[in-house]
Amino acid sequence: CFVVNIAAAGTVNLLKAKPSFMHNVQRRHSAQLGNQATLTCNALGRPVPTVTWWRDGVKIGDNSILMLNDVNAEQEGKYVCQANSSAGSAEIEHTFLVIEPLRWKRRSRPSIRLREKAVFTLHCRTAGYPPPQVRWYHILSGTNTSLSRHNHTHHRSSSRLHLRMTGPQKAGIYQCIVKSFFPCCEGLEAQPSLSATFNISLSDDSELSCNSGNTQCQKSGSIKTLAASVFGAHALLFCVFIALLSIN
């Protein structure tokens, strides 16, 4: 005669639950270069599961909290939290992103006057992580044109824009917009963008000699000023001579 306690068996099964994770758990983390980061993985289940952290198949932690000290770019990537118990196992993937705030390294002055056919270069250089991307735009008469589509009229190399002042159509506002995107997530901006505008206007040679500030133009302006002064002095002497003759 065999006796089976079905109720007891059912009670034993109810005491076990496979590991799981909360639905609203944060799975995307970020930190600035050099700072400290904390990745948290709280697992549920009966019995209480043990938690381990893995990256690229290598075990890197055995606690629900993973600390990353002195954050650097090499630490960016995927981290797997694994929960194990006698009732089973489960895992969840976390993404860690590294940020270095965008900052200016070089910018051209905001207002530039150039003579026709002059060749000029605008600088819009920044630093940061993820590596910044620069887009150039030309705004003239209310029309905003992306310069990346006009390779035959300009050369865009990273954060420098090379153009030739071929006429009034090249004047106007030039704008560079700098953005930083996470490499893991297409279209996800890592931080607020930076932008700079440059007002390019057309001038003739006489205006250039007054505004350019280079040695040659300064000499040209000085010669013109000297010539005008000499001419004025001669004219004054002539007038005095005529007045003396009239008196006599």
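Please read all numbers here as calculations on a predicted model, not as lab measurements.

Caption draft 1: View of the overall build of the protein chain. From N to C terminus, the protein chain includes 3 helices and 17 strands. Sorting the 248 residues of the protein chain into buried and exposed places 30% on the buried side. When contacts within the protein chain are restricted to residue pairs at least 6 apart in sequence, long-range pairs at least 24 apart make up 64% of them. For the protein chain, the exposed surface amounts to about 16,000 Å²; the carbon and sulfur share of it is 55%.

Caption draft 2: Spatial organisation of the state of the cysteines. The tally for this structure, following the rule as stated, stands at 2 disulfides. Across the disulfide from Cys41 sits Cys81; the S-S distance is 1.9 Å. The S-S bond linking Cys41 to Cys81 shows a torsion near -85 degrees; that makes this disulfide left-handed. Taken as a pair, Cys41 in the loop between strand E3 (37-40) and strand E4 (43-46) and Cys81 in strand E8 (residues 77-85) lie far apart in primary sequence, 40 residues in all. A relative accessible area of 1% means that Cys41 is categorised as buried. Classification of Cys81 by relative accessible area gives buried; the value is 0%. For Cys124, the disulfide goes to Cys176, at an S-S distance of 1.7 Å. Judged by the sign of its S-S torsion, about 55 degrees, the cystine formed by Cys124 and Cys176 is right-handed. Note that Cys124 is positioned in strand E11 (residues 119-129) and Cys176 in strand E16 (residues 172-179), a separation of 52 residues in sequence. Since its relative accessible area comes to 0%, Cys176 is described here as buried.

Caption draft 3: Here's a closer look at a positive patch on the surface. Together, Lys105, Arg106, Arg125 and Arg160 make up a region of like positive charge exposed at the surface. Considering the arrangement of structural elements, one finds Arg106 in strand E9 (residues 88-107).

Caption draft 4: Representation of the environment of Ile92 within the structure. With respect to the helices and strands, the residue Ile92 is situated in strand E9. In this structure Ile92 comes out as buried when scored by relative accessible area, which is 12%. As a C-alpha pair, Ile92 and Gln82 span 10 residues in sequence and 6.6 Å in three-dimensional space. Beyond its immediate sequence surroundings of up to four residues, Ile92 is in contact with Phe21, Val25, Arg27, Cys41, Tyr79, Val80 and Cys81.

Caption draft 5: Molecular detail of the pattern of salt bridges. Counted by the stated rule, this structure contains 2 salt bridges. The closest approach of N and O atoms between Arg103 and Glu100, which form a salt bridge, is 2.6 Å. On the accessibility criterion, Arg103 (40% relative accessible area) is partly exposed. Residue Glu189 is joined to Lys179 by a salt bridge in which the shortest nitrogen-to-oxygen separation is 3.8 Å. Of this pair, Glu189 sits in the loop between E16 and strand E17 (194-203) while Lys179 sits in strand E16, and the two are 10 residues apart along the sequence. For Glu189, a relative accessible area of 34% puts it in the partly exposed group. Take Lys179: its relative accessible area is 30%, and that puts it in the partly exposed class.

Caption draft 6: Spatial organisation of the nonpolar core. In terms of nonpolar packing, the biggest core is built from 20 residues, with Leu122, Trp136 and Ile200 touching the most fellow members. When residues in this core are grouped by element, the largest group, 4 residues, is from E17. Those residues within four positions of Leu122 in sequence are excluded, and the remaining contacts are Ser108, Ile112, Trp136, Ser159, Arg160, Leu161, Tyr174, Phe198 and Ile200.

Caption draft 7: Structural detail: the side chain of His94. By secondary structure assignment, the location of His94 is in strand E9. Looking at His94, its side chain comes within polar contact range of the main-chain oxygen of Gln26, at 3.4 Å. Within the local environment of His94, its side chain forms a polar contact with the side chain of His29, the two groups lying 2.9 Å apart.

Definitions and limits used
- Note on numbering: residues in each chain are counted from 1, in written sequence order.
- A pLDDT threshold of at least 70 governs which residues receive local features in this predicted model, and a stricter bar of 80 or more applies before side-chain atom pairs are shown or counted, although totals over entire chains, interfaces and linings include all residues.
- Working from all heavy atoms in the structure, the side-chain values ignore hydrogens and water.
- A run of H or I in DSSP becomes a helix once it reaches four residues, and a run of E becomes a strand once it reaches two; helices and strands are each numbered from the N terminus.
- Under the scheme applied here, a residue whose accessible area is under 20% of the maximum for its type counts as buried, over 50% as exposed, and between as partly exposed, the area being computed with a 1.4 Å probe on protein chains only.
- It only takes one pair of heavy atoms within 4.5 Å for two residues to be counted as in contact.
- All accessibility values rest on the Shrake-Rupley procedure with a 1.4 Å probe; residue burial counts only the protein chains present in the view.
- The definition used for a disulfide is geometric: two cysteine sulfur atoms within 2.5 Å.
- Two distance rules govern patches: like charges are joined within 9 Å, and nonpolar side chains (Val, Leu, Ile, Met, Phe, Trp, Tyr) within 5 Å, applied only to residues with over 30% relative accessible area and no salt bridge.
- Salt-bridge detection follows one rule: a side-chain nitrogen of Lys or Arg within 4 Å of a carboxyl oxygen of Asp or Glu.
- Positive residues here are Lys and Arg, negative ones are Asp and Glu, while His and the chain termini are left out of the count.
- To locate a charge, the coordinates of NZ of Lys, CZ of Arg, CG of Asp or CD of Glu are taken.
- Here, nonpolar core means buried Ala, Val, Leu, Ile, Met, Phe, Trp, Tyr and Cys residues that are tied together by side-chain atoms lying within 4.5 Å of each other.
- Pairs of N or O atoms within 3.5 Å make up the polar contacts considered here, provided that, within protein, one atom can donate a hydrogen while the other can accept it, and that residues adjacent in sequence are counted only when both atoms are side-chain atoms.

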